[in-house]
Amino acid sequence: MSANTGSIKVGDKTVELPVRSGTIGPDVLDIGKLYAQTGAFTYDPGFTSTASCASGITYIDGDEGVLLHRGYPIDQLAEHGDFLETCYLLLYGELPTAAQKSDFDYRITRHTMVHEQMARFFQGFRRDAHPMAVMVGSVGALAAFYHDSTDITDPKQRMIASMRMIAKVPTLAAMAYKYTIGQPFVYPKNDLDYTSNFLNMCFAVPCEDYKVNPVLSRALDRIFILHADHEQNASTSTVRLAGSSGANPFACIAAGIACLWGPAHGGANEAALKMLAEIGTVDRIPEFIARAKDKNDPFRLMGFGHRVYKNYDPRAKIMQKTSHEVLAELGIKDEPLLDVALELERIALNDEYFIEKKLYPNVDFYSGITLKAMGFPTSMFTVLFAVARTVGWIAQWKEMIEDPGQKIGRPRQLYTGAPQRDYQPISKR
Ligand code: SDX
């Protein structure tokens, strides 16, 4: 491979392909002309070695455990800023000035209400529906209520749709929670900040005043920052692929929510807490570690491992610190789930199997403990992930739509089915 080309030999053909370099991170071999020049495709079903796009939004160094949003390290953003500041950064590429931040907060706040008909839309769901099923349906339904921001060719409509999504998804999430517990919906309040507003919509009831605990609100706001964006993960790739056909942004985000729901992805926070509860006590940990290592047992340690991080997920460290803060604030002295989580982490990180496979706790390992302490049921954990990730999906969708070279995503395949054959009448089968 010369400085800016790589060569690939396929059969008797050798082709030179351009190598492109980014700002930081691995170079890429541009294989756009490979099929035309060799008649062969590349094959990478899990995209383990494939860059699907060029992006300037987020960068992960999996070996070093580094996560940057527009160049800023996640721990600095989580420490010094709030979630809407991170939203602004992801959308516009720069940290906002004080004036830009207050204008952005004002605009988001005034988009938090949803069309009143959405309350009737919810009546169609069963009360025991999983809140993620309600989110997939209700976010997709936004396209039926906000026709004036579905023309993706109009930059103004793209920005309105982006603001509406960031502002309304928490309202829909709170409605999904209230609906499943049979309590009345709580309207957003413009005098509350983004995360306090969300907590109020989730936990306030008409019968008495609800006072948001500022420590819990700050902790949840930090959790939203940690979940905001993460390069081309499965749900973001889903949003990009859906958006590449020109589908409206509400439909694309609904597709992202559907993908996030899987236990291998965003559903892992719900699965991780259920796993900690199933383990129950520290003395049962060895039994589950053995199962996780047993090739014949499909059990995996939920909240462990990552496609990119082969070091500690930087978000997990902050999540662990946040769980201690929230438990202390709530006066929860002994939380058996946290004891199990800390001991499970200690044992796993000293076990040859996990060391050899570079399996570390990821963002989902500690989040459930914190969210449970805050009063959220496990069924809401992935909904909260979706609330936070909406800005990442939207920022990545906008970047794709605004890329002049953008075209519809249409992968090819390795065909392993039957060769061509003629139809046989049923009498001859
Ligand atoms: C998220 O992509 C993102 O960025 C996602 C995310 C985001 O912010 O968008 O970070 C959020 O989804 C975090 C991941 C949450 N998922 C879980 O915690 C579920 C448990 N983890 C795994 O299922 C798994 O680690 C994945 C899905 C996260 C990653 O899987 P990969 O990259 O496909 O790795 P793999 O399945 O090929 O595993 C490599 C080896 C395998 O063993 P061998 O076949 O090589 O012998 O490690 C083993 C796996 O069996 N392994 C595990 C394990 N994870 C991987 N063994 C036990 N427990 C685990 N959790």
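Going by the structure above, here's the rest.
No experiment lies behind these values; they were computed from the predicted model shown.

1. Some details on the site of the ligand
Near the ligand lie 24 residues; those nearest to it are His230, His306, Arg307, Arg315 and Arg389. Here a nitrogen atom of the ligand and a backbone polar atom of Phe304 are 2.8 Å apart. Arg389 is positioned with one of its side-chain polar atoms (N or O) 2.8 Å from an oxygen atom of the ligand. Relative to its unbound accessible area of 1,000 Å², the ligand is 77% covered by the protein chains. Grouping the amino acids of the shell around the ligand by side-chain chemistry returns 10 nonpolar, seven polar and seven charged.

2. A word on the packing of helix α11 (residues 249-260) against helix α18 (residues 381-401)
Packing of α11 against α18 brings their axes to within 10 Å, and their N-to-C directions diverge by 135°. Of the possible angle classes, the one that applies to α11 and α18 is oblique. Helix-helix and strand crossings are classified by hand; for α11 and α18 the assignment is right-handed. Together, Pro249, Cys252, Ile253, Gly256, Ile257 and Leu260 of α11 and Thr382, Phe385, Ala386, Thr390, Trp393, Ile394 and Trp397 of α18 make up the contact between the two elements. Residue composition of the contact of α11 with α18, grouped by class: 10 nonpolar, three polar and no charged.

3. Brief notes about the nonpolar core
Among the nonpolar cores identified, the biggest contains 118 residues, and Phe83, Val139, Leu301 and Phe376 are the most heavily contacted of them. Those residues in contact with Phe83 that sit more than four places away from it in its chain are Tyr194, Asp221, Phe224, Ile225, Ala228, Val387, Ala388 and Val391.

Scoring rules and cut-offs
- Residues numbered from 1 in each chain as written.
- Predicted model: local features only at pLDDT ≥ 70, side-chain atom pairs only at ≥ 80, totals over all residues.
- Heavy atoms only, no water.
- Near = heavy atom within 4 Å.
- Polar contact = N/O pair within 3.5 Å; in protein donor to acceptor, adjacent residues only side chain to side chain.
- Areas by Shrake-Rupley, 256 points an atom, 1.4 Å probe, with all protein chains shown as cover.
- Nonpolar A, V, L, I, M, F, W, Y, C, P; charged D, E, K, R; others polar.
- Axes fitted to C-alpha atoms, helices over the stretch in contact; angles between N-to-C directions.
- Helix = DSSP H or I, 4+ residues; strand = E, 2+ residues; numbered from the N terminus.
- Parallel < 35°, antiparallel > 145°, perpendicular 65-115°, else oblique.
- Left-handed = near helix turned anticlockwise from the far one by under 90°.
- Contact = heavy atoms within 4.5 Å.
- Core = buried A, V, L, I, M, F, W, Y, C linked by side-chain atoms within 4.5 Å.
- Buried < 20%, exposed > 50% of the residue type's maximum accessible area, 1.4 Å probe, protein only.

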